[in-house]
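The chain contents come next:
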Amino acid sequence: MSIDRFDEAIETIYSAAFGGGAWGNAIDRFCGAVGSNGLIVNPVRLDRPGMLLFSETLLPSIADYERHWRHRDPRIRAGLGSDAAVVGEVVTERVLGISAADRARDAFYQEFLRPLDIECFAAYLFQGADGQMYSISAQRARGRGEFRATERIDIARLGRHLVRAIDLAPRAAWAVAHAGSLAAGFDRLGHGLMTIDRSGRVEPLNAMAERLMLGGFDGMRRVGHGRIRPLGDPTFERFVAAVRGRLGGGPVVEPMVIGRRGGPRLLLQMLPAAPIGEHGTPSAERSTAIVSIYDLAAMRSASVADLLCGSGLTPGEARVAASVGAGRSPREAADELGLSEVTVRGVLKTIYAKLGLRRQSELAILVSRMRSARVDGG
């Protein structure tokens, strides 16, 4: 995998944690980086609840798996998620003792996975903050064979970033918890939140959304009860049309940047939470989308030391990580922090080991996402 592709995957993973929750995009980039045709982040212990993230291509099969196949999954029966499983390792059928011959005669592989064009898997195991053991399970398309050693290494490397992003995401919701609601929390973070329904009606959910969307647009006006409507702004109208299509079962809506008259640009992003139907099962459609709004010019720098400490660094290590992650060389960071360059380079080795990083570019992506989200309320 090329460095650019790896960094791109890391970028989208941290964007999901700090930039509005675009986990679907992050999972897709993860898949593309490791040669997978689908990714599932799921709890593997059956005795306790847990979160669930998955590729959109696997949406139709998730409910079927939970209802009919989970307890028949030979990978779980073979020890995936048991107390003997090794957290932080990549597990495959070969590791679990499930041979190609076993897969050829097992109902789970032939009746459930085969129609989904899935042949095998490689899973990175980690312990969640909720006490549940999770599997980041990359699926392999039929005919491609088992994941190569280099791909399994990349699954582990990206898996560590994904785990960290999942753990950091609740910290990004700090403002939401203190503000009492999602909309008020976005206000506290300086971001807007609005809804778009299947008829194209646009309604701001917080004061920041109304200020951002009504200020500086020639083509915006109120349409009763706080609702706003795009009039003549082609970029925004395209975004609304794309969201309406998505609500009807169309393609995923890509984030879009729109300009404002006499003001900075805005980034619009449809939150990709899976629609839920009856009995809590995934549904193919929903009637309203939630869209986050970011003022690109207002994303100012903020200290990320607390978040870095929350990732396992000491305060001193966090200060070095924040400085080098902001683009400074080890010598420049040493001058800024009053340390020797030798000390900074030694601390960086510890930082990379603790965070599972290999290059300064990976640290820069993590730090930049923390800064842009302003999750410390700064």
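The preceding data block contains the structure.
Definitions and cut-offs
Here the residue numbering is sequential within each chain, running from 1 through the sequence in written order. Only residues with pLDDT of 70 or above have their local features reported here, since the model is predicted, and side-chain atom pairs are shown and tallied only from 80 upward, although totals for entire chains, interfaces and linings are computed over all residues. Hydrogens are left out, water is left out, and the side-chain values use all remaining heavy atoms of the structure. In the sections that follow, a salt bridge refers to a side-chain nitrogen of Lys or Arg positioned within 4 Å of a carboxyl oxygen of Asp or Glu. The secondary structure listing takes helices from DSSP runs of H or I that are at least 4 residues long and strands from runs of E that are at least 2 residues long, numbered from the N terminus. Exposure is judged per residue with a 1.4 Å probe applied to protein chains only, and the accessible area is read against the type maximum: over 50% gives exposed, under 20% gives buried, and values in between give partly exposed. The pairing criterion is simple: DSSP has to find at least two bridges between the two strands. Think of each axis as a best-fit line through the C-alpha atoms, taken over the contacting stretch in the case of a helix, with angles from 0 to 180 degrees between the N-to-C directions. An angle below 35 degrees is treated as roughly parallel, one above 145 as roughly antiparallel, one from 65 to 115 as roughly perpendicular, and anything else as oblique. When checking whether two residues touch, look at their non-hydrogen atoms; a contact exists if any pair is within 4.5 Å. Asp, Glu, Lys and Arg are counted as charged, while Ala, Val, Leu, Ile, Met, Phe, Trp, Tyr, Cys and Pro are counted as nonpolar; the rest, among them Gly, fall into the polar class.

Undergrad: Account for the pattern of salt bridges, naming residues and giving values.
TA: All chains considered together, the criterion is met by 16 salt bridges. Note that Arg-157 and Asp-154 form a salt bridge whose closest N and O atoms lie 3.7 Å from each other. Placement of the pair is Arg-157 and Asp-154 together in helix α8 (residues 149-172), with a separation of 3 residues, close to one helical turn. According to the relative accessible area criterion, Asp-154 is buried, its value standing at 10%. Glu-336 is the partner of Arg-328 in a salt bridge, and the nearest nitrogen-oxygen pair spans 3.3 Å. The exposure class of Arg-328 is partly exposed, given its relative accessible area of 30%. For Glu-336, a relative accessible area of 42% puts it in the partly exposed group.

Undergrad: Give me the pairing of strand β1 (residues 38-43): which residues, what numbers.
TA: Here β1 lies mainly inside the structure; 6 of its 6 residues are buried. Of the two faces of β1, the one holding Gly-38, Ile-40 and Asn-42 and the one holding Leu-39, Val-41 and Pro-43 are both buried throughout. Relative to strand β5 (residues 133-141), β1 runs antiparallel, the two being bridged by 6 bridges. In the sheet register, Ile-40 faces β5, and the bridge partner there is Ser-137. In the sheet, β1 pairs with strand β2 (residues 53-54) via 2 bridges, with the strands oriented antiparallel. The partner of Ile-40 across the bridge, within β2, is Phe-54.

Undergrad: Quick rundown of the packing of helix α14 (residues 315-325) against helix α16 (residues 341-355)? Include the residues and the values.
TA: The N-to-C vectors of α14 and α16 enclose an angle of 95 degrees; their axes lie 10 Å apart at closest approach. As judged from the angle between their axes, α14 and α16 are roughly perpendicular. Between α14 and α16, the contacting residues are Glu-317, Val-320, Ala-321 and Val-324 on the first element and Val-344, Val-347, Leu-348, Thr-350, Ile-351 and Lys-354 on the second. For the contact of α14 with α16, the residue count by class is 7 nonpolar, 1 polar and 2 charged.

Limitation: the analysis is restricted to geometry and does not speak to function.
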